Amino acid sequence: MMPMNKKNDNTPKRLTIHDPITGTHDQQDILNRIEIAKDILERLEEDDCPPVLGLYGGWGTGKTSVLNLLEEVNKKYEKLIIIKIDAWKYEATNSLLMPVIVKLKQESTSSFLSDAWMSVTKKVLVTTALSTAEVFTKRIGVSLSDIGNTYKDIEQRELQDDAAVLAKWEELTNEVEAATNAFSKVIDLVLDKTDSTSVVIIVDNLDRCSPEKVVSFLESIKNFMSAPNCIWLLAMDSEVIASYISHKYEGTVLDGYSYLDKIVP
């Protein structure tokens, strides 16, 4: 006799659209989201796919389920190497870019020594430190108030000081270029010895992170969007992210939606 307080294990679970899909089970995919996942996968495989795609939707609309289905469908063909990051999980870290680099290292088939990989990683993460205007100007010894000076004020600086500032700008420009090239090398190492055509970096739950971390992350990946055979897929509530950007640049003419459109075409 079954105890009254024990549930029958054979009782079918009631499905709702809010339950995250963890596989390709037709019974669980009530809204047939797998068709959306297939469409996205086809776009990712096209030669003219942009370097960044956005999967937009409010909280609880099923973005994570679509991404899970996309991963499952890709396993059948393995045309793409998919690296998925839950940004919210790493929100407490100094950089949302760091877990991306770690995942890339784990996916790499390279036999490079660890010190070589650390060298590449260090160059890549340099760009994270230069992602915001405040940090960038601090590194070259120029404050934001200096930038607001009139042309006449700047013109009156001594030639030696101007040359020093220019030299520091040149050094940072070289660092950014080196980081960009290093990231391309990282992608090459991940694709090495595989039949996959591209690396897809999926970043989920960006809209659950703090505004500062999100804007810094978006500014960082701009430097890596030119890496061949690499596509970023960002799942987020565009209204939330646009508000983050607008808040970050409050008092300027910069519009959050326009900024986001430049990154995610």
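This structure is a prediction, so every number in the text was calculated from the model and none was measured.

**Student:** Lay out the sheet that holds strand β2 (residues 80-86) in plain terms, naming residues and giving numbers.
**Tutor:** Read from one edge to the other, the open sheet built from 4 strands follows the order β1-β4-β3-β2, with strand pairing classed as parallel. The open sheet has two edge strands, β1 (52-56) and β2, and neither has a second partner. For this sheet, the mean angle separating the axes of adjacent strands, direction not counted, is 20 degrees. With 5 bridges connecting them, β1 and strand β4 (residues 230-236) associate as parallel partners. Within β4, the position partnered with Leu55 by the bridge is Ala235.

**Student:** Residues and numbers for the nonpolar core, please.
**Tutor:** The tendency in soluble globular proteins is for nonpolar side chains to be buried as a group. Residues Leu104, Phe183, Leu206, Phe217, Leu218, Trp232 and Leu234 are the most contacted members of the largest nonpolar core, which totals 43 residues. The set of elements that each furnish at least two residues to this core consists of β2, α3 (98-107), α8 (159-191), β3 (198-204), α9 (211-221), β4, α10 (238-248) and α11 (256-263). Among the elements that take part in this core, α8 stands out by supplying 7 residues, more than any other.

**Student:** Explain the packing of aromatic side chains residue by residue, including any values.
**Tutor:** Geometry of an aromatic ring pair is reported as the spacing of the ring centres plus the angle between the planes. Per the stated rule, a full pass over the model turns up 4 aromatic pairs. Pairing Phe183 with Trp232 gives two aromatic rings, centres 6.0 Å apart and planes at 15 degrees, and the pair type is stacked. With a gap of 49 residues between them, Phe183 in helix α8 and Trp232 in strand β4 connect regions that are remote in the sequence. Accessibility expressed as a relative area gives 0% for Trp232, which makes it buried. Centre to centre, the rings of Phe217 and Trp232 are 6.1 Å apart; their planes meet at 75 degrees, and the pair counts as edge-to-face.

Cut-offs applied
- Residues numbered from 1 in each chain as written.
- Predicted model: local features only at pLDDT ≥ 70, side-chain atom pairs only at ≥ 80, totals over all residues.
- Heavy atoms only, no water.
- Pairing = 2+ DSSP bridges.
- Helix = DSSP H or I, 4+ residues; strand = E, 2+ residues; numbered from the N terminus.
- Axes fitted to C-alpha atoms, helices over the stretch in contact; angles between N-to-C directions.
- Core = buried A, V, L, I, M, F, W, Y, C linked by side-chain atoms within 4.5 Å.
- Buried < 20%, exposed > 50% of the residue type's maximum accessible area, 1.4 Å probe, protein only.
- Phe/Tyr/Trp six-rings, centres within 6.5 Å; stacked < 30°, edge-to-face > 60°.

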